[in-house]
Structures are given as structure tokens and as C-alpha cells.
Amino acid sequence: MDILFTLVASVLLIIGFFVICQTSDEEDDEEESNNESTGRGADEQSTRRGASEQ
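Because the structure is a prediction, the values reported are computed rather than measured.

Q: Let's hear about the overall build of the protein chain: which residues, and what values?
A: Scanning the protein chain for helices and strands turns up two helices and zero strands. When burial is assessed residue by residue, the protein chain has 0% of its 54 residues classed as buried. Here the protein chain displays about 5000 Å² of accessible surface, and carbon together with sulfur accounts for 58% of that area.

This is the structure we're talking about:
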């Protein structure tokens, strides 16, 4: 019976891991699309940061 509970818990942990990874990927995609829609890509932001540091 303990083995059954262990297997169920393992499966739930694996499913939870993939759900968390998927939602974090979607948030990253939304941030990238927001940057592109405002005309500020990641390259432009990094060059602006570099220029402001100097």
C-alpha cells in the first residue's frame, strides 16, 4: 500500500512540475510580446542599459 501512495505522489509531483514550467513559459512569452508591441525588443533594452551605465 505504501508503494501505491509513493507512485501516486511521484506522478502528482511530475505533473505539477510540468504545469509550473508551462505557466512560467507562457509568462515569458507574454512579456516578450509586450516588448515587441511597444517597439522595445530585448536587444534595444540591453543597449540602452549599457549606454546608461557608461
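Q: Outline the packing of aromatic side chains, supporting the account with residue identities and numerical values.
A: Evaluated as defined, the whole model comprises one aromatic pair. Ring centres of Phe 17 and Phe 18 lie 5.6 Å apart, and the angle between their planes is 65 degrees; on these two criteria the pair is classed as edge-to-face.

Q: Report on a negative patch on the surface, specifying residues and quantitative values.
A: Together, Asp 25, Glu 26, Glu 27, Asp 28, Asp 29, Glu 30, Glu 31, Glu 32 and Glu 36 give the surface a local cluster of negative charge. Given the relative accessible area of 48%, Glu 32 is considered partly exposed.

Q: Pulling in residues and values, what's your account of a nonpolar patch on the surface?
A: Among the surface-exposed residues, Met 1, Leu 4, Phe 5, Val 8 and Leu 12 lie close enough to one another that they form a single nonpolar patch of about 560 Å² accessible area. Inspection of the secondary structure puts Phe 5 in helix H1 (residues 2-37). Residue classification places Phe 5 among the exposed positions, given a relative accessible area of 52%.

Rules of the game
- Residues numbered from 1 in each chain as written.
- Predicted model: local features only at pLDDT ≥ 70, side-chain atom pairs only at ≥ 80, totals over all residues.
- Heavy atoms only, no water.
- Helix = DSSP H or I, 4+ residues; strand = E, 2+ residues; numbered from the N terminus.
- Buried < 20%, exposed > 50% of the residue type's maximum accessible area, 1.4 Å probe, protein only.
- Areas by Shrake-Rupley, 256 points an atom, 1.4 Å probe, with all protein chains shown as cover.
- Phe/Tyr/Trp six-rings, centres within 6.5 Å; stacked < 30°, edge-to-face > 60°.
- Patch = residues over 30% accessible without salt bridge, like charges linked within 9 Å, V, L, I, M, F, W, Y side chains within 5 Å.
- Salt bridge = Lys/Arg side-chain N within 4 Å of Asp/Glu carboxyl O.
- Lys, Arg positive; Asp, Glu negative; His and termini not counted.
- Charge placed at Lys NZ, Arg CZ, Asp CG, Glu CD.

Limitation: the analysis is restricted to geometry and does not speak to function.
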